[in-house]
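Take a look at the letters that make up each chain.
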Amino acid sequence: MPAPSRCRLLLVTLLLLASPLAYASGSERPRVYVILWFDTEDYLLPASDDAALHVADLLTKEGVRATFKVVGEKARTLEKRERKDVIAALKKHEIGYHSNYHSVQPSPAMYLSNLGWDEGVAEFDRRERPGYDDVKRIFGQAPSCYGQPGSSWGPQVYGAMKQWGMPVYLDAGSHVGLDGKPHYYGGVLTLYKLTYQSMRADLNKPADLPTVEDRFLSARKKLLAEGGGIVSIYYHPCEWVHKEFWDAVNFKNGANPPREEWKKPPQKSAEETRTSYEIFETYIRFIKRFDDVRFITASEAAKLYRDRAQGRKFTEADLKDLAAGVGEDVSFQKRDAYALSASEVFALLNEYVTAKTRGEDVPAIALKGTPNGPSNPVTPLTETVTTDASQLARTAADVADYLKKQGRVPTSVWLGSVPVPPESYLRALAEVVPALADGKPLPKTVEVKPARFAAAKYVADDDPQKLWGWIIFPKGFRAPTMMELAKREAWTLKPAILDRDGE
């Protein structure tokens, strides 16, 4: 058995279980949720098939369900090789999706980099849906999640996922995040850029196992103190059998050779592979020792972090409270049991103003979906614009129609012949809602003031090193237009709140 010794593990476990947290009981007891996932991608090296089988069987014997994100071509290759044993073993776990061809050029970020929202959603669907359909057919279950190959991320993917009915984005990266916590982006639960997303045991270094175990213990302690949370651990089945990734050998720096010229990566020896399995098995058994730690799949995460704002009915008192939360810096809003993105607040307040200015009684408004962000660059307001009550009422009705038919926050909100940015319009809505809720009419004049869309700060700036350092990208690859689009889609960003009732 690799280090640490069984005695050390037992001592650590006893010490931790002696903490006050260990004696909490029932639904009040916080938990740490470990989502274990595998990017199952190598369709070149047959040994990777055996590795996927071995890992899946090992986890099944341990009573651990993982999420295997399968590449479309990998699924088709397993079918062609008649590896029914591998397919059956993976089916005992949960199946996710990991693109159609993974590293064959161009990868998703590249072909999405110069496209807008609608064209990008359609293009991702065109290129990747065939793989999704094959994974679903071969494994007999609709993939529960998606994660990009390498760091080939793009915001338009979320639009396609919503069309496919796929509830979870599961991966690791730096493009978008929210304080290291699970969040919603594009209306999809996003487990990405998490504080604890790289808790991997090095499969090649037995001596390093105590270090990652200590890191896990530290993460567990902090998450339990916060009331519970999630740890994301990922691997690739091919890591157990190769010394270099299959795609790095063939597609480095933008190369795209024909398939007949692809080269197999160098493989580990049988002893090296055996050691890697032992390290992984020891680490999994270490994590299992704690009864306040639970392994979950992507679909289980979707239940634990379900969006309790959707379908919720917001009373006039609720809407006044939301209006009070809108200021010069426009962003999401969080409450104890739910959170609202800026676009959801925009839709709710606009619907309320529209109804009230029509003379309707509004006991409550239900949230129905998450409008996407603006599709085009927004010009900030530099000076206050003054409009009248009649124009604001007509504009609110027009915006309500736009939201219904376009499903997104408008790039410009038109006050007659005067365009204003959506964040400034939202600020104006928030200032008139309290009066309407108190039974007063709209003021004769309404000021639309400058505002900042603050939620954009949670999306990374374009950076060829930090975002696009994957070895598959051509040297110097950048995607500034796409990352600006991603910042506008931050209108949909909000925290995902843990709901223990979802267990």
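Since this is a predicted model, take the numbers as computed values, not measurements. (Residues numbered from 1 in each chain as written. Predicted model: local features only at pLDDT ≥ 70, side-chain atom pairs only at ≥ 80, totals over all residues. Heavy atoms only, no water.)

1. With respect to the packing of helix α13 (residues 342-357) against helix α15 (residues 422-437)
Next up, step 1: In the contact formed by α13 and α15, the axes pass within 9 Å of each other and the chain directions differ by 50°. Relative to α15, the element α13 is oriented oblique. Handedness of the crossing formed by α13 with α15: left-handed. Contact with α13, carried on its side by Ala 342, Val 345, Phe 346, Leu 349, Asn 350, Tyr 352, Val 353 and Lys 356, involves Pro 422, Tyr 425, Leu 426, Leu 429, Ala 430, Val 432, Val 433, Leu 436 and Ala 437 of α15 and no other residues of that element.
Next up, step 2: Looking at side-chain class alone, the contact of α13 with α15 contains 15 nonpolar, 1 polar and 1 charged residues. (Axes fitted to C-alpha atoms, helices over the stretch in contact; angles between N-to-C directions. Helix = DSSP H or I, 4+ residues; strand = E, 2+ residues; numbered from the N terminus. Parallel < 35°, antiparallel > 145°, perpendicular 65-115°, else oblique. Left-handed = near helix turned anticlockwise from the far one by under 90°. Contact = heavy atoms within 4.5 Å. Nonpolar A, V, L, I, M, F, W, Y, C, P; charged D, E, K, R; others polar.)

2. Here we look at unusual backbone geometry
Next up, step 1: Residue Pro 106 follows Gln 105 across a cis peptide bond; omega there is 0°.
Next up, step 2: Structurally, the position occupied by Pro 106 is in the loop between β3 (94-97) and α5 (108-112).
Next up, step 3: Positive phi, close to 85°, is recorded for Ser 99, a residue that is not glycine.
Next up, step 4: Of note, Ser 99 is situated in the loop between β3 and α5.
Next up, step 5: At Asp 179, a residue that is not glycine, the phi angle is positive and equals roughly 55°.
Next up, step 6: By the secondary structure assignment, Asp 179 is in the loop between β5 (168-170) and β6 (183-185).

3. Some words on the pattern of salt bridges
Next up, step 1: Applying the stated rule across the entire model yields 39 salt bridges.
Next up, step 2: Here Arg 76 ties to Asp 134 by a salt bridge, and the two come within 2.8 Å at their closest N and O atoms. Separated by 58 residues along the polypeptide, Arg 76 in helix α3 (residues 72-80) and Asp 134 in helix α6 (residues 117-139) bring together distant segments of the chain. Comparing Arg 76 with Asp 134 shows no difference in burial state: the two are buried.
Next up, step 3: Here Arg 285 makes a salt bridge to Glu 281, at a shortest N to O gap of 2.6 Å. On the criterion of helical spacing, the pair formed by Arg 285 and Glu 281 is a turn pair, its members being 4 residues apart in helix α10 (residues 270-288).
Next up, step 4: Taking the relative accessible area as the measure of exposure, Arg 285 reaches 41% and is therefore partly exposed.
Next up, step 5: Salt bridges linked by common partners bring Glu 73, Arg 76, Glu 79, Asp 134, Arg 137 and Arg 259 together as one network. (Salt bridge = Lys/Arg side-chain N within 4 Å of Asp/Glu carboxyl O. Buried < 20%, exposed > 50% of the residue type's maximum accessible area, 1.4 Å probe, protein only.)

4. Considerations on the packing of aromatic side chains
Next up, step 1: Following the criterion strictly, the structure yields 36 aromatic pairs and no others.
Next up, step 2: On the numbers, 6.3 Å between centres and 40° between planes, the contact of Phe 38 with Trp 240 is tilted. Taken together, the positions of Phe 38 in strand β1 (residues 32-40) and Trp 240 in the loop between β8 (229-235) and α9 (246-251) put the pair 202 residues apart, joining distant regions of the chain. Grouping residues by exposure puts Phe 38 and Trp 240 together as buried.
Next up, step 3: Ring centres of Phe 38 and Phe 280 lie 6.1 Å apart, and the angle between their planes is 70°; on these two criteria the pair is classed as edge-to-face. Note that Phe 38 is positioned in strand β1 and Phe 280 in helix α10, a separation of 242 residues in sequence. The exposure classification of Phe 38 matches that of Phe 280, with both residues buried.
Next up, step 4: An aromatic cluster is defined as three or more aromatic residues linked by ring pairs; in this entry it consists of Tyr 97, Phe 124, Tyr 132, Tyr 146, Trp 153, Tyr 158, Trp 164, Tyr 169, Tyr 185 and Tyr 192.
Next up, step 5: The positively charged end of Arg 312 is found above the aromatic ring belonging to Phe 314, 5.9 Å away from the centroid.
Next up, step 6: Over the ring of Tyr 184 we find Lys 494, and its NZ or CZ is 5.8 Å from the ring centre. (Phe/Tyr/Trp six-rings, centres within 6.5 Å; stacked < 30°, edge-to-face > 60°. Lys NZ or Arg CZ within 6 Å of the ring centre and 35° of its normal.)

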